[in-house]
Every structure is written in structure tokens, then in C-alpha cells.
Amino acid sequence: MAAMALLASCGTSGYELSSVSRQRILVDRRFDTHPDKRAVAFIAPYRRQVDSIMSPVVGEVGSYLASSRPESALSNLLADIMVWGGREFGEKPDFGIYNMGGIRAALAKGKVTYGDVVDLAPFENHICFVTLSGEKTLELFQQIAARGGEAVSHGVNLVITHDGKLVSASVNGQPVNSGRSYRIATIDYVAQGNDDMRAFKSAENIVAPQDQKYDSRFVIMDYFREQTAHGIVVNPKTEGRIVFE
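Residues numbered from 1 in each chain as written. Predicted model: local features only at pLDDT ≥ 70, side-chain atom pairs only at ≥ 80, totals over all residues. Heavy atoms only, no water.

The next point concerns a nonpolar patch on the surface. Taken together, the side chains of F42, I43, Y46, V50, I53 and M54 define a hydrophobic patch exposed on the protein surface, amounting to about 590 Å² of accessible area. By the element assignment, M54 lies in helix α2 (residues 37–54). On the accessibility criterion, M54 (31% relative accessible area) is partly exposed. (Patch = residues over 30% accessible without salt bridge, like charges linked within 9 Å, V, L, I, M, F, W, Y side chains within 5 Å. Areas by Shrake-Rupley, 256 points an atom, 1.4 Å probe, with all protein chains shown as cover. Salt bridge = Lys/Arg side-chain N within 4 Å of Asp/Glu carboxyl O. Helix = DSSP H or I, 4+ residues; strand = E, 2+ residues; numbered from the N terminus. Buried < 20%, exposed > 50% of the residue type's maximum accessible area, 1.4 Å probe, protein only.)

Structural data, given as C-alpha cells:
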């Protein structure tokens, strides 16, 4: 009844909704300047265990990385990591795809922790490998164009229009050939045709490991650890993989 009364009063207040806006609010250590003592006391018993899991460093990035369409350094990196992940399975993908919707955080410049990667890739998605015909590969790129871009690996070059049309598509310097097939590294969520990439529903020769260690977040961590072992600071760039006409 109280809710009904509130709605009724709002309807006769003389106010009208003129616009709606939204923004993401980054919750970081700035909010720790004046911590709530009761909250700190409540969290304390759990913090040590969580920190022991989330705090270990797995790698380092040379700049702030965030995802954006049609292309970004972070999305490029994740698509490239999917291709890199094929080595353990004897796979040599023609290219990789990662969905922008699955990238749920940015990476700050500097050390990258286990927790940072979990924030970045929080879903239980696993790396997988599929084959698409040339015709379906072109259809896939058309669907990516309609979405304004998705994460694609090095060697893929798409020219798209601002209204979502595909102008041209090439893989490793060659136009997509309808007469051949393409091996693609991605995650199982995408390979199921989600995020409007329906061409994947026609995929064949699917390799989809289900062990936890092949969860995308652990593949990403393994990539960072390997780079660190070689003294490499990960520093991906945008390179015109997807451009507007």
C-alpha cells in the first residue's frame, strides 16, 4: 500500500522525467581513504584467504588497457591469446575471436594479478577450436560488422560501415575464400552462436576441452606467466584490424 501511495503521489507531483543517463563508476582504492570501521571488522576474517588467492602477480602490462569498438588493444590481446592457446592442442588457427561482451574489466598499467584476470574474464568460458567454411566465415564477419566490431586476432582485417555493413574482409592478407575452410580459436560461449555470431552454429570439427585449466581466464594467466618468464611486459597495440570506411 505504501508503494502504491508513493506512485500516486509521484503522478500528481508535477514532475516529468526528461532524460536518463548512465555511467560506469570505477570502484578502486580511492574509496579506501576513509574506510568504514564496522565494514573492515566484518571483512577481516575473510580478507586473508581471498588475498592469498587473488594477489599473486601473473604478469605485467605496459599501459592502461580497456576494451572498445571497433578495435582496442585489450580486445586484440585477448583474441591473440586464443590463437596462442592452440599450441597445447596442436592447433594452428587461422584466426581468433573473443566477444567484447565477455571483457568485463580493464587492466591498469603495471603488475597484473590473478584477481585482475578474474575480473577481466569472470565467466566459466573455455577455449575451443572450430572450423567454418569460407562462406560461413564471411557470414561471421558480416555479423561482427553488424555489431560494430568484436575482438579479432592479428591477421584479420575488416572494413565496415558505421551502419554495420561489411565492406571487405581478409585473413592473413588474403580475401576470405569461399572455397576453403578456416580454423578458428574462440571460447565455447561464442562457438555456440551467442552474441549474434550465429555463423558459429554451422561449426564443424569442434575441439572443446572442459578441464578447468582450459577456462579462458586460466589460458590468459598462462599467457601472462609465459611472457613474464621471458622478461616481456605485455604491450598490445591497435593496428587497424577493424576500421570504419
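Next up on the list: the pattern of salt bridges. For the structure on display, the rule yields 15 salt bridges. Close ionic contact of K111 with E60 constitutes a salt bridge, the shortest N to O distance being 3.3 Å. Of this pair, K111 sits in strand β3 (residues 110–113) while E60 sits in strand β1 (residues 57–61), and the two are 51 residues apart along the sequence. Judged by its relative accessible area of 55%, K111 falls in the exposed class. Accessibility expressed as a relative area gives 26% for E60, which makes it partly exposed. Of the charged contacts in the structure, one is a salt bridge between R241 and D80, with a shortest N-O distance of 2.9 Å. Separated by 161 residues along the polypeptide, R241 in the loop between α7 (216–229) and β11 (242–244) and D80 in helix α3 (residues 73–84) bring together distant segments of the chain.

So, on to the pairing of strand β6 (residues 156–160). Across the two faces of β6 the burial differs, with V156, L158 and I160 buried and N157 and V159 not buried at all. Sheet analysis places β6 next to strand β7 (residues 166–171), joined by five bridges and oriented antiparallel. Bridge pairing in β7 places V159 opposite S168. Hairpin connection, β6 to β7: the antiparallel pair is bridged by five residues, and G164 has positive phi, about 85°. Both β6 and β11 contribute to a ladder of three bridges, which runs parallel. Looking across to β11, one finds that V159 is bridged to V243. (Pairing = 2+ DSSP bridges.)

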